[in-house]
Amino acid sequence: MTLKPGAAKYAVRQRLAGLVYWAALLIVQPVSAALHVGDQSGLTQAMLHAAGEDAGLSGTLVWHPFTAGTTLLEALSAGAIDLGVVGNAPPVFAQAGGFDIRIIGVASGAQNNNALLLPEGTTVQRVADLKGKRVAVAKGTSGHYLFLAALHQAGLTTRDLNMIYASPVDAQNAFASGRLDAWAVWYPFVGQATSRGARVLLDGSEWPETGQNFTVASLKALADPERTAQAGDLLARLARAQAWATAHPDAWAEVFAQTTRLPIALVRDMLAHQTLQYVPIDPAVIALQQRLADLFAAERVIPRALDVGQIFDPRFNSLLPTPH
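Quick notes on the rules
- Residues numbered from 1 in each chain as written.
- Predicted model: local features only at pLDDT ≥ 70, side-chain atom pairs only at ≥ 80, totals over all residues.
- Heavy atoms only, no water.
- Pairing = 2+ DSSP bridges.
- Helix = DSSP H or I, 4+ residues; strand = E, 2+ residues; numbered from the N terminus.
- Axes fitted to C-alpha atoms, helices over the stretch in contact; angles between N-to-C directions.
- Salt bridge = Lys/Arg side-chain N within 4 Å of Asp/Glu carboxyl O.
- Buried < 20%, exposed > 50% of the residue type's maximum accessible area, 1.4 Å probe, protein only.
- Arc of directions from axis to C-beta.
- Contact = heavy atoms within 4.5 Å.

J.: Sorry if this is basic, but what is going on with the sheet that holds strand β9 (residues 199-203) here?
T.: Strands in a sheet are paired, the pairing made by backbone hydrogen bonds, and the direction either parallel or antiparallel. In space, the five strands of this open sheet follow the order β7-β6-β8-β5-β9, with mixed pairing throughout. Lying at the two open borders of the sheet, with one neighbouring strand each, are β7 (162-165) and β9. Between one strand axis and the next, the sheet turns by 25° as a mean value, whatever way the strands run. The sheet contact formed by strand β5 (residues 114-118) and strand β8 (residues 182-186) spans four bridges and is antiparallel. Each bridged residue has a counterpart across the sheet, and for L116 the counterpart in β8 is A184.

As structure tokens, this is what we get:
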């Protein structure tokens with residue numbers, strides 16, 4: 001693939017941060033027939049186990065912990081892992097950077113996890129009232145997209161206000177201390193803030209593209225018939241496990257809280273705002289992700305327009321359980 005100059009520079013910046021680490025991991029990682037799977041906060045393993053879908057997997061998977069989807073995709077592109085689950089925004093940036101990945105599975109129904117928050121006592125009543133205000137987002141995230149989409153709907157642009165890029169932890173502190181007029185973020189931060197008096201101005205209900213999560217595999221893994229079969233088996237297990245978790249929110253909340261050490265009440269509130277289920281990769285799913293990429297490109301958050309359909313691989317659709 002030949003990248004345009006802007007995209008090439010972007011790719012270099014994206015790759016350099018994790019290059020040394022992943023190179024070291026590849027050197028020490030033993031050759032194995034197992035599928036190497038990235039897992040954020042241990043939740044993928046926890047859900048498989050809670051749903052009873054990890055039976056027979058012992059020795060066939062090697063798990064690698066990650067704290068964010070961006071680093072997981074760096075490892076995937078570098079060949080340090082074969083597969084992982086991420087949110088909706090990281091694949092856009094991975095594709096813009098020329099990463100060698102494919103989306104092989106889609107879970108939909110988490111759009112209400114994202115929200116635009118207002119501090120207690122604010123006079124803001126609508127998005128248009130944020131003109132000239134200070135608003136924090138984490139760059140390149142689902143919360144960032146939600147805020148941009150809400151601005152466009154209100155007839156505003158980022159030039160009409162003071163948008164601040166900040167990590168959720170930094171923004172949380174600034175929001176709590178009254179230094180922000182609004183904050184676009186996701187659960188569990190939404191639940192933590194509302195429990196302290198914050199108000200939800202809007203959530204992702206109108207933007208279903210904010211509610212898609214992706215199972216992503218490396219091109220290297222998909223070029224290997226054995227790893228491809230393993231990836232398909234794991235995807236089918238993940239889909240069944242997610243169906244169990246959505247149908248049993250109380251049981252899943254207990255496991256989720258134990259795994260993440262979040263308060264159980266917060267986890268229950270978070271799960272009440274989502275109805276995740278795996279769906280086939282089809283034109284409608286791709287179109288939703290295209291909306292995400294188009295807005296990021298229009299706002300120059302990524303250096304070029306993308307055809308997101310190029311990184312979707314629907315070959316595993318037939319392995320998904322039939323919805324009831």
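Don't stop here, the text continues.
J.: What should I look at first to understand the pattern of salt bridges in this one?
T.: Note on pairing: side chains with opposite charge can pair once their charged atoms come close. If you walk through the whole model with that rule in mind, you get eight salt bridges. Note that R240 is salt-bridged to E53, the shortest N-O span being 2.9 Å. Here E53 lies in the loop between α2 (43-50) and β2 (61-66) and R240 lies in helix α9 (residues 225-247), a separation of 187 residues in the sequence. On the basis of relative accessible area, E53 is assigned to the buried category, the value being 14%. If you follow the salt bridges from partner to partner, you end up with D82, D224 and R227 in one network.

J.: Looking at this structure, I do not really get the environment of G197. What am I missing?
T.: Mapped onto the secondary structure, G197 falls in the loop between α7 (189-194) and β9. Given a relative accessible area of 30%, G197 falls into the partly exposed group. Sequence spacing of G197 and P119 is 78 residues, and the spatial spacing of their C-alpha atoms is 7.1 Å.

J.: Please clarify how helix α11 (residues 264-271) should be interpreted in this entry.
T.: Because an α-helix completes one turn every 3.6 residues, residues spaced three or four positions apart along the sequence face the same direction. Among all positions in α11, only L266, V267, M270 and L271 are buried. One side of α11 holds all its buried residues, which, seen down the axis, span an arc of 130°. Against α7 and α10 (249-260) lie the buried residues of α11.

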